[in-house]
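Each chain, written out:
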Amino acid sequence: MNKKPRSLIRIIIPVVLTLVTIALIVWPMMAGGQYVVLDPKGPIGASQKDLIIISTILCAIVIVPVLILSAVIVWRYRDKPDNKTAYEPNWAHSTKAEVVWWTIPIVIIGLLAIVTVRYTYDLEPSKPLVHEEKAPITIQVSSLDWKWLFLYPEQGIATVNTLNIPADRPVKFELTADSPMNSFWIPQLGGQIYTMSGMAMTLYLQADHEGKYWGSGANFTGEHFGQMRFDVNATSDEEFDTWVKEVKQQSQPMTQETYDALAKPGTSNVAYFSEFPEGLFQKIVTKYVVDGKSAHSKHEGSSLNESAAGDKSLSVPKVNTSTN
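Residues numbered from 1 in each chain as written. Predicted model: local features only at pLDDT ≥ 70, side-chain atom pairs only at ≥ 80, totals over all residues. Heavy atoms only, no water.

- Looking up the chain in an unreviewed UniProt entry gives the name Quinol oxidase subunit 2, with the organism given as Paenibacillus silvae.
- The annotation that UniProt attaches to the chain under Sequence similarities (unreviewed entry) is "Belongs to the cytochrome c oxidase subunit 2 family."
- In UniProt, the chain has this text filed under Subcellular location (unreviewed entry): "Cell membrane". (UniProt positions renumbered as here; feature names shortened; annotations may be inferred.)

Here you go:
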């Protein structure tokens with residue numbers, strides 16, 4: 001007995017959804033858009049891009065044939081009046097087929113494991129980047145509600161919602177949070193890393209080229225988390241030094257009162273400070289230490305102490321909250 005033909009809508013909907021998905025993926029690149037993760041400007045970002053591409057290709061070796069076969073099987077063995085496909089109700093096993101669909105995935109999983117382990121160790125965030133000529137610059141990062149505070153202990157300045165770094169030079173980020181946990185992310189330079197209260201994490205990045213890059217908080221932290229964005233300006237060493245001098249000469253100092261006001265929940269415009277209180281980063285990290293017990297910190301020994309020593313040259317500025 002003939003059955004009703006398959007509904008045309010049931011055929012069209014999957015096709016349309018597939019075409020729309022492909023269009024959404026391809027259109028930004030064809031229209032001049034940019035996938036920043038796939039356009040790295042530093043060694044860490046480049047290695048992470050390689051890992052993404054290798055993993056995608058290995059996974060596609062399994063996924064693409066499976067998707068094609070799924071469509072072929074559905075079409076070939078669909079229920080229709082004139083279907084002449086052999087009817088084998090007692091078929092249950094094929095050694096050749098079993099070998100194929102078990103061996104290939106096992107080999108691919110093994111390759112993925114080897115590649116992932118290798119890149120995981122190579123891309124350890126706290127692993128220093130080696131540069132033949134230039135030592136890394138240290139920048140201390142604190143995520144606030146809903147803004148980013150950047151401290152430059154070696155230069156003695158601070159900024160809010162903007163970050164300047166010298167290009168072609170490793171940058172050692174020390175990160176913490178004076179608010180709910182967030183995630184620090186500069187897509188073109190490297191993957192994200194969490195900022196957490198009571199902890200100091202380390203992240204090494206480097207911009208190989210001068211330019212302006214996009215930075216963001218990548219973790220939901222409440223009402224204005226979408227505004228936790230900042231520009232990263234990678235400049236030459238000379239331009240960076242000039243910028244530091246300008247900040248020192250033209251900006252107001254940050255006092256403890258200024259910081260306390262800044263740390264309150266709320267958005268903020270870009271701001272610059274010629275000085276900041278001694279040991280501010282350490283105070284943020286150890287804000288929740290109780291009864292002398294140590295906070296969880298990867299910097300607890302040498303790194304924080306070194307930062308504290310570097311901050312001793314800063315004088316405690318007068319109370320001035322006008323900048324905020």
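1. Examining the packing of aromatic side chains
Here is step 1: Inspection of the entire model under this criterion finds twelve aromatic pairs.
Here is step 2: Pairing Phe173 with Phe184 gives two aromatic rings, centres 5.2 Å apart and planes at 50 degrees, and the pair type is tilted. Of the two residues, Phe173 is situated in strand S5 (residues 171-177) and Phe184 in strand S6 (residues 182-186); the sequence distance between them amounts to eleven residues.
Here is step 3: Ring plane angle 35 degrees and centroid distance 5.8 Å describe the contact between Phe240 and Trp243, whose orientation is recorded as tilted. Here Phe240 pairs with Trp243, and both are found in helix H4 (residues 237-250), just three residues apart, close to one helical turn.
Here is step 4: Residue Phe240 is classed as buried on the basis of its relative accessible area, which comes to 2%.
Here is step 5: For Trp243, a relative accessible area of 11% gives the class buried.
Here is step 6: Sitting over the ring of Tyr119, Arg118 keeps its end group 6.0 Å from the ring centre. (Phe/Tyr/Trp six-rings, centres within 6.5 Å; stacked < 30°, edge-to-face > 60°. Helix = DSSP H or I, 4+ residues; strand = E, 2+ residues; numbered from the N terminus. Buried < 20%, exposed > 50% of the residue type's maximum accessible area, 1.4 Å probe, protein only. Lys NZ or Arg CZ within 6 Å of the ring centre and 35° of its normal.)

2. Side note on the nonpolar core
Here is step 1: With 38 residues, the main nonpolar core has Ile139, Phe150, Leu163, Ile165, Phe173, Phe184 and Ile186 as its most contacted residues.
Here is step 2: When residues of this core are assigned to domains, at least three fall in each of domain 1 (11-77 + 100-123) and domain 2 (137-287).
Here is step 3: Residues contacting Ile165, with those up to four places away along its chain left out, are Ile139, Val171, Leu189, Ala207, Val232, Asn233, Ala234, Thr235 and Phe240.
Here is step 4: The next biggest cluster of nonpolar side chains, apart from the first, holds 17 residues, and it includes Leu144, Leu151, Leu262 and Val285. (Core = buried A, V, L, I, M, F, W, Y, C linked by side-chain atoms within 4.5 Å. Domains from an automatic or database assignment. Contact = heavy atoms within 4.5 Å.)

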